[in-house]
Amino acid sequence: QVQLVESGGGLVQPGGSLRLSCEVSGTIFSVNAMNWYRQAPGKQRELVAGITSGGINYADFVEGRFTISRDNAKNTVWLQMNSLKPEDTAVYYCNVVVILYPTNIYTTDYWGQGTQVTVSS
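## Describing the side chain of Asp88
Here's step 1: Mapping Asp88 onto the fold places it in the loop between β8 (76-81) and β9 (90-99).
Here's step 2: When its relative accessible area of 1% is taken as the criterion, Asp88 is described as buried.
Here's step 3: Here the side chain of Asp88 touches Arg38 through a polar contact of 2.9 Å, side chain to side chain.
Here's step 4: A distance of 2.7 Å separates a polar side-chain atom of Asp88 from the backbone nitrogen of Lys85.
Here's step 5: If we skip the residues at most four places from it in the chain, Asp88 touches Arg38, Arg65, Phe66, Ser83, Val117 and Val119.

## Comments concerning the environment of Thr52
Here's step 1: Mapped onto the elements of the fold, Thr52 is located in strand β5 (residues 46-52).
Here's step 2: Sequence-wise, Thr52 and Met34 are 18 residues apart; in three dimensions their C-alpha atoms are separated by 6.6 Å.
Here's step 3: The residues touching Thr52, leaving out its near neighbours within four places in the chain, are Asn32, Ala33 and Arg70.
Here's step 4: Here the side chain of Thr52 touches Gly54 through a polar contact of 3.0 Å, landing on its backbone nitrogen.

## Some thoughts on the environment of Glu63
Here's step 1: Relative to the helices and strands, Glu63 is located in the loop between β6 (55-58) and β7 (66-71).
Here's step 2: We classify Glu63 as exposed; its relative accessible area is 54%.
Here's step 3: A polar contact of 2.7 Å, which involves the side chain of Glu63, links it to the side chain of Lys85.

## Looking at the nonpolar core
Within soluble globular proteins, side chains that are nonpolar generally end up buried alongside one another.
Here's step 1: The biggest cluster of nonpolar side chains holds 30 residues, and the ones touching the most others in it are Val24, Trp36, Val48, Val77, Leu79, Met81 and Tyr92.
Here's step 2: Elements with a contribution of two residues or more to this core: β3 (18-25), β4 (30-39), β5, β7, β8, β9 and β11 (115-119).
Here's step 3: Broken down by element, the residue count for this core peaks at five residues, all from β9.

## Here we look at the packing of aromatic side chains
Here's step 1: The final tally for this structure, using the stated rule, is one aromatic pair.
Here's step 2: The ring of Trp111 carries Arg45 above its face, with NZ or CZ at 4.4 Å from the centroid.

## Here's the deal with unusual backbone geometry
Here's step 1: Phi at Glu63 takes a positive value of approximately 55 degrees, unusual for a residue other than glycine.
Here's step 2: Not every positive phi belongs to a glycine, and Ser83 is a case in point at roughly 50 degrees.
Here's step 3: You can call Ser83 partly exposed: its relative accessible area is 41%.

So, how was this worked out
- Residues numbered from 1 in each chain as written.
- Predicted model: local features only at pLDDT ≥ 70, side-chain atom pairs only at ≥ 80, totals over all residues.
- Heavy atoms only, no water.
- Helix = DSSP H or I, 4+ residues; strand = E, 2+ residues; numbered from the N terminus.
- Buried < 20%, exposed > 50% of the residue type's maximum accessible area, 1.4 Å probe, protein only.
- Polar contact = N/O pair within 3.5 Å; in protein donor to acceptor, adjacent residues only side chain to side chain.
- Contact = heavy atoms within 4.5 Å.
- Core = buried A, V, L, I, M, F, W, Y, C linked by side-chain atoms within 4.5 Å.
- Phe/Tyr/Trp six-rings, centres within 6.5 Å; stacked < 30°, edge-to-face > 60°.
- Lys NZ or Arg CZ within 6 Å of the ring centre and 35° of its normal.

Here is the structure:
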């Protein structure tokens with residue numbers, strides 16, 4: 001069983017910072033990607049940032065304010081968010097793309113429970 005546990009959300013004023021973390025546990029052969037998504041009320045879930053062995057990508061709205069990082073040994077991913085804006089308010093979800101068995105050619109996605117980020121004065 002693969003488990004994702006998120007933490008770090010909360011209430012912050014505009015311009016403030018938060019650091020989200022996601023710890024992955026369970027039997028996994030390899031982790032292909034770790035991503036952060038977010039979903040605001042009435043909006044579609046959208047990708048915030050992703051990290052793989054091949055590189056890192058960010059959504060356009062990040063505008064250099066966020067940094068995603070990964071500890072490969074511990075299968076942990078962080079999202080450092082600075083200069084937060086009210087429009088960043090959303091539930092943030094950790095997503096991991098894994099291969100469960102060495103001979104499996106298919107990947108499997110798992111999602112964290114979500115952590116609420118609220119940016120308001």
